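Breakdown of the fold
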Amino acid sequence: MALWGRPAVRALRLWGPGAHVICDGKGGHLGNVGGRRPIAFSAGVSGILGNGGSSKKEKLSLQDIAELIRARACQRVVVMVGAGISTPSGIPDFRSPGSGRYSNLQQYDIPYPEAIFELSFFLYNPKPFLSLAKKLYPGNHRPNVTHYFLRLLHDKGQLLRLYTQNIDGLERASGIPASKLVEAHGSFASATCTVCRRTAPGENFWADVLGDRVPYCPVCGGIMKPDIVFFGESLPERFLLHVVDFPMTDLLLILGTSLQVEPFASLSEAVRSSVPRLLMNRDMVGPLAWRPRSRDVVQLGDLVHSVERLVELLGWTEEMKDLVQQETGKVTGCDK
Ligand code: OAD
Ligand code: ZN
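What counts and what doesn't
- Residues numbered from 1 in each chain as written.
- Chains lettered and ligands numbered in written order.
- Predicted model: local features only at pLDDT ≥ 70, side-chain atom pairs only at ≥ 80, totals over all residues.
- Heavy atoms only, no water.
- Helix = DSSP H or I, 4+ residues; strand = E, 2+ residues; numbered from the N terminus.
- Areas by Shrake-Rupley, 256 points an atom, 1.4 Å probe, with all protein chains shown as cover.
- Donors = N, O, S within 2.8 Å, 3.2 Å for Na, K, Ca; no water.
- Tetrahedral: all angles 85-135°; square planar, octahedral: opposite > 155°, others 65-115°.
- Expected span 1.5 Å × (residues − 1).
- Polar contact = N/O pair within 3.5 Å; in protein donor to acceptor, adjacent residues only side chain to side chain.
- Buried < 20%, exposed > 50% of the residue type's maximum accessible area, 1.4 Å probe, protein only.
- Axes fitted to C-alpha atoms, helices over the stretch in contact; angles between N-to-C directions.
- Parallel < 35°, antiparallel > 145°, perpendicular 65-115°, else oblique.
- Contact = heavy atoms within 4.5 Å.
- Nonpolar A, V, L, I, M, F, W, Y, C, P; charged D, E, K, R; others polar.
- Pairing = 2+ DSSP bridges.
- Core = buried A, V, L, I, M, F, W, Y, C linked by side-chain atoms within 4.5 Å.

**Some thoughts on the overall build of the protein chain**
- Regarding its fold elements, the protein chain presents 11 helices and 11 strands.
- Total accessible area on the protein chain stands at roughly 15,100 Å², and carbon and sulfur atoms take up 55% of it.

**Re the coordination of the zinc ion (ligand 2)**
- Protein-derived ligands of the zinc ion (ligand 2) are Cys-193 (SG), Cys-196 (SG), Cys-217 (SG) and Cys-220 (SG), with the metal-ligand distances lying across 2.3 to 2.4 Å.
- Classification of the site at the zinc ion (ligand 2) as tetrahedral follows from its 4 donor atoms and the range of 97 to 117° in their angles at the metal.
- For the zinc ion (ligand 2), the single-chain donor residues occur in sequence as C-x2-C-x20-C-x2-C.

**Description of helix H10 (residues 303-314)**
- For H10, with 12 residues, the first-to-last C-alpha span of 16 Å sits near the 16 Å given by 1.5 Å per residue.
- A side-chain oxygen of the first residue of H10 lies 3.3 Å from the backbone nitrogen of Val-304; this N-cap is Asp-302.
- Phi turns positive one or two residues past the end of H10, at Gly-315, with a value near 75°.

**Considerations on the environment of Cys-193**
- Note that Cys-193 resides in strand E5 (residues 186-193).
- Given a relative accessible area of 0%, Cys-193 falls into the buried group.
- Along the primary structure Cys-193 and Cys-220 are separated by 27 residues, whereas in three dimensions their C-alpha atoms are 8.5 Å apart.

**Notes on unusual backbone geometry**
- The omega torsion of the bond from Glu-262 to Pro-263 falls at 5°, within 30 degrees of zero and hence cis.
- You will see that Arg-72, though not glycine, has its phi angle at about 60°, which is positive.
- The topology assignment puts Arg-72 in the loop between helix H2 (62-70) and strand E2 (77-81).
- The phi dihedral of Arg-197 is positive, around 70°, even though this residue is not glycine.
- Within the secondary structure layout, Arg-197 lies in the loop between E5 and strand E6 (199-201).

**Re the packing of helix H4 (residues 127-135) against helix H7 (residues 202-210)**
- Two elements in contact, H4 and H7, have axes whose closest approach is 10 Å; the angle formed by their N-to-C orientations is 105°. Overall, the two elements H4 and H7 adopt an arrangement that is roughly perpendicular. On H7, the residues that touch Leu-130, Ala-133 and Lys-134 of H4 are Phe-205, Trp-206, Val-209 and Leu-210.
- Looking at the contact of H4 with H7 residue by residue, the classes come out as 6 nonpolar, no polar and 1 charged.

**A few points about the sheet that holds strand E3 (residues 159-164)**
- An order of E4-E3-E2-E8-E10-E11 is seen for the 6 strands of this open sheet, with the pairing classed as parallel. For this open sheet the edge positions go to strand E4 (181-183) and strand E11 (296-300), each flanked by a neighbour on one side alone. Here the strands of the sheet are splayed against their neighbours by 15° on average, with no regard to which way each runs.
- Across 3 bridges, E3 lies against E4 in parallel orientation. Pairing of Leu-162 across the sheet is with Leu-181, part of E4.
- The sheet contacts of H2 involve strand E8 (251-255), strand E10 (277-281) and E11, and relative to E11 the element is tilted by about 115°.

**A word on the pairing of strand E7 (residues 224-228)**
- Among the 5 residues of E7, 4 are classified as buried, and the element is accordingly described as predominantly covered.
- The sheet contact formed by E5 and E7 spans 4 bridges and is antiparallel. Bridge pairing links Ala-191 to Pro-226 in E7.

**A word on the nonpolar core**
- Core analysis: the biggest nonpolar cluster contains 57 residues, and Met-80, Ile-116, Phe-117, Phe-129, Phe-188 and Phe-246 have the highest contact counts within it.
- The element that contributes the greatest number of residues to this core is H4, accounting for 4 residues.
- Each residue touching Ile-116, except ones within four places of it in the same chain, is listed here: Tyr-102, Tyr-108, Ile-110, Pro-128, Phe-129, Leu-132 and Phe-230.
- Within the second largest apolar cluster, 40 residues are counted, among which are Val-45, Leu-60, Leu-62 and Val-307.

And the structure:
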């Protein structure tokens with residue numbers, strides 16, 4: 001499956017606040033969850049749990065999503081993320097007008113935005129991509145509250161898989177194990193010679209990149225390219241995990257992505273129609289805009305704010321603080 005963008009795609013139908021409903025008081029009842037006191041659910045949540053809700057699909061709110069997670073009614077959460085989750089870590093995204101990398105081409109010396117991820121352009125002039133790589137050098141940036149929220153979801157045993165388009169490695173840095181990750185657009189962990197296809201560990205290539213040198217293959221002299229997926233290239237084999245993960249997920253979270261690059265974007269439609277999808281992003285995007293589903297929940301605005309709101313609704317605020325403190329301490333310790 002090869003990577004391709006769809007720059008011409010626009011949100012055809014905007015759809016937003018209507019997705020949120022205030023609990024109408026017709027809530028059902030789950031009974032005794034894990035020995036704790038019974039929890040009263042909204043009609044939407046009860047509909048999903050199949051106990052007492054009306055048969056029609058009730059609209060859900062952010063609070064409903066929090067309740068589903070907190071009551072462990074959703075145990076196989078799949079998450080799709082993009083560059084928007086890393087902007088609070090100081091890494092610009094691609095398409096945000098003004099601040100996105102594609103609005104600031106002059107600093108990369110590229111003729112058009114996508115050239116930075118095109119093999120033919122890389123072979124002609126690898127420097128723009130290598131200067132982007134240098135900015136993403138591991139350790140230059142730290143995970144933020146969104147990464148740690150996903151880590152907490154994993155610690156709770158509810159993260160089935162995190163599909164990321166990001167190449168900044170911050171999901172790994174937050175402590176989410178590699179087995180839970182699908183780095184759909186590759187990573188800097190290894191590099192491959194563009195001529196003889198010899199592969200090498202990523203470390204070999206960093207010394208050159210940090211020294212502003214083009215990394216060459218020691219065997220044939222071809223340019224070494226880190227195993228980031230460029231347009232037209234195949235996605236890593238692990239991406240195929242989506243074939244098993246998406247049909248079995250019980251909740252899909254989509255965070256900080258414009259859903260403009262395929263085949264990643266279409267995964268948002270690969271979950272069963274009864275599965276709630278929560279989009280948290282600055283603006284309305286992709287299939288959630290033009291083919292909304294009744295159980296979609298959309299939380300527009302700043303991601304940090306939205307994640308903090310969700311964490312609060314989950315009752316995880318204190319645990320989040322502890323986790324961030326613990327992990328920040330670790331990073332600071334390593335820096336010494
Ligand atoms: P984009 O830059 O296309 O989209 C980022 C989305 O995040 C946009 O919708 C922003 O509005 C939103 N966003 C940014 N900061 C935010 C914040 N603080 N709060 C809320 N929303 C925020 O990035 P991707 O969707 O990841 O390809 O782009 C997909 C792919 O296109 C990338 O993986 C890259 C690029 O070509 C490769 O690396 C191969
Ligand atoms: Zn070679």
